[in-house]
Amino acid sequence: MSGSFRHVGEELVNRSVVIDVVRGSYVAPDDTPFERAIVRHRGAVGVVAVVDEEVVLVRQYRAPIADHLLELPAGIRDVDGEDPSLTAVRELAEETGLRAGRVEHLTTYYTAAGFTDEAVYLYQAFDLVQHEPETHGPEEAWMTIERLPLAEIDEAIASGRIIDAKTIIGLQLLRRP
């Protein structure tokens, strides 16, 4: 086959605060038209912060799974035009009270490219100074801050204590040479 896939348009199906659902129209390399339901998402950040040989995590209620997850501090890129690194610094401070003097980009990945364009930007925070958290919303108001010794990362993932994708990816990248 020659040619390439072409995006020829999309129609808004539903709009919410965080996501839009669209019906995308495409043409395959052989000129066959097709449609896909797509979740358009603003993107998110996650932050790996290590203090005294322990990674700082939050335990937060997640409504879509009706349960709490132990995860990296994170948040939606909800400020238009804000650089993801600034979002990471802001979210870390809001959720944990830790102010990062600097952050380094670890990676960016798509969460589920089969139906959404959501990208997560992962950072590692450095030069940390503790302040009071500034939580927002009911989930953050009830979340707890926990620390996981670096030596327990493998066990926490293998045992299912940590099952959040961004957290698993961030913790694995933390340990790379």
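Check the entry above for the structure.
The following paragraphs examine the structure supplied in this document. Residue positions within a chain follow its written sequence, with the count starting from 1. Where local features are concerned, this predicted model is filtered to residues with pLDDT of at least 70; where side-chain atom pairs are given and counted, the filter is 80 or more; whole-chain, interface and lining totals use all residues. With hydrogens and water excluded, all non-hydrogen atoms of the structure serve as input to the side-chain values.

Moving on, we come to the environment of Ala112. Elements are defined by DSSP. Helices are runs of H or I of four residues or more, strands are runs of E of two residues or more, and each kind is numbered from the N terminus. Assignment of secondary structure puts Ala112 in the loop between strand E8 (98–110) and strand E9 (119–130). Working definition: with a 1.4 Å probe on protein chains only, accessible area under 20% of the residue-type maximum means buried, over 50% means exposed, and in between means partly exposed. Its relative accessible area of 22% is what places Ala112 among the partly exposed residues. Along the backbone, Ala112 and Ile169 are 57 residues apart, and their C-alpha atoms lie at a distance of 14 Å.

The next point concerns the pairing of strand E2 (residues 19–27). Bridge count for strand E1 (residues 6–15) against E2 is eight bridges, and the pairing is antiparallel. Counted as the bridge partner of Gly9 is Ser25 from E2. Pairing between two strands requires that DSSP report at least two bridges joining them. With antiparallel pairing between neighbouring strands as the criterion, E1 and E2 make up a hairpin whose turn holds three residues. The pairing of E2 with strand E3 (residues 33–41) spans nine bridges and is antiparallel.

It is worth spelling out the side chain of Thr87 at this point. Summarising the element assignment, Thr87 is placed in helix H1 (residues 84–96). The class of Thr87 is buried, set by a relative accessible area of 0%. Only 2.6 Å separates the side chain of Thr87 from the side chain of Glu82, close enough to count as a polar contact. By definition in these notes, contact holds between two residues if any of their heavy atoms fall within 4.5 Å. Not counting the four nearest positions on each side in its chain, Thr87 is found in contact with Val45, Ile76, Arg77 and Glu82. Two N or O atoms form a polar contact when they lie within 3.5 Å of each other; inside protein one atom must be a possible hydrogen donor and the other a possible acceptor, and for residues adjacent in sequence the pair counts only when both atoms belong to side chains.

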